[in-house]
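# Examining the three-dimensional arrangement
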Amino acid sequence: QKEVEQNSGPLSVPEGAIASLNCTYSDRGSQSFFWYRQYSGKSPELIMSIYSNGDKEDGRFTAQLNKASQYVSLLIRDSQPSDSATYLCAVDSGNTPLVFGKGTRLSVIA
Amino acid sequence: GAGVSQSPRYKVAKRGQDVALRCDPISGHVSLFWYQQALGQGPEFLTYFQNEAQLDKSGLPSDRFFAERPEGSVSTLKIQRTQQEDSAVYLCASLDGHNEQFFGPGTRLTVL
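So, a few notes on the structure that sits alongside this text. Nothing here was measured: the structure is a model prediction, and the numbers come from that model.

### Notes on the pattern of salt bridges
Residue and element names in this part refer to chain A. Considering all chains together, one arrives at seven salt bridges over all chains under this definition. Note that Lys-2 and Asp-27 form a salt bridge whose closest N and O atoms lie 3.8 Å from each other. Of this pair, Lys-2 sits in the segment before β1 (4-5) while Asp-27 sits in the loop between β3 (19-25) and β4 (32-38), and the two are 25 residues apart along the sequence. The partner of Asp-83 in a salt bridge is Arg-60, with the nearest N and O atoms 2.9 Å apart. Placement of Asp-83 in the loop between β8 (71-76) and β9 (85-92) and of Arg-60 in the loop between β6 (54-58) and β7 (61-66) is noted, with a sequence separation of 23 residues between them. Look at Asp-83 and you get buried, because its relative accessible area is 1%. Residue Arg-60 is classed as partly exposed on the basis of its relative accessible area of 27%.

### Observations regarding the environment of Leu-21 of chain A
Residue and element names in this part refer to chain A. Within the secondary structure, Leu-21 sits in strand β3. Along the chain, Leu-21 and Leu-106 lie 85 residues apart, while their C-alpha atoms are 8.6 Å from each other. Beyond its immediate stretch of four places on either side in the chain, Leu-21 contacts Leu-11, Trp-35, Val-72, Ser-73, Leu-74, Ile-76, Tyr-87 and Thr-104.

About the thresholds
- Residues numbered from 1 in each chain as written.
- Chains lettered and ligands numbered in written order.
- Predicted model: local features only at pLDDT ≥ 70, side-chain atom pairs only at ≥ 80, totals over all residues.
- Heavy atoms only, no water.
- Salt bridge = Lys/Arg side-chain N within 4 Å of Asp/Glu carboxyl O.
- Helix = DSSP H or I, 4+ residues; strand = E, 2+ residues; numbered from the N terminus.
- Buried < 20%, exposed > 50% of the residue type's maximum accessible area, 1.4 Å probe, protein only.
- Contact = heavy atoms within 4.5 Å.

Structure (structure tokens):
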């Protein structure tokens, strides 16, 4: 059973702070890793993908991957109230469907 | 370009009714996925098509669930004899050339 674990939160951070979201996965053969943002009542929106160990930066977002520890994280710098959403971690083992965590609810307090 | 579209956006069914949910993937996307998302949970895989071939249906919860994609474009997820536990959001996603899945708006199914 392939599993993806996330802390459900809520994670509350003040506006302008760094939000750190974490995810662990069970399948050591996993190859691709994704972060989706989901606003209440909306569908998941892809915000980051990462495939190799290390950091990947895109604007205010940084994804970090450590395959040895089976750990992937998302950092959001200069958090804004509009970043308040549920963040879903998803893992792909190659030619298989995505396995999602339950999501972490982020609340950015103005 | 146009994203993934789904219809209807909302569906209310009485227990025992059959429902059909439609997905129009992004043009040219070969692979299409269906997921089910219960409240407070992440999406869970139902089934997967590559063109018209259904390559994996291991996530379909029972034989009341059936999906097709006869011409390799539009896909339909059918649920027969709906039960209350089928109430969820049904999400369709199509896969681009970078192995990234893009989701449609979903269909929220409520079974009374």
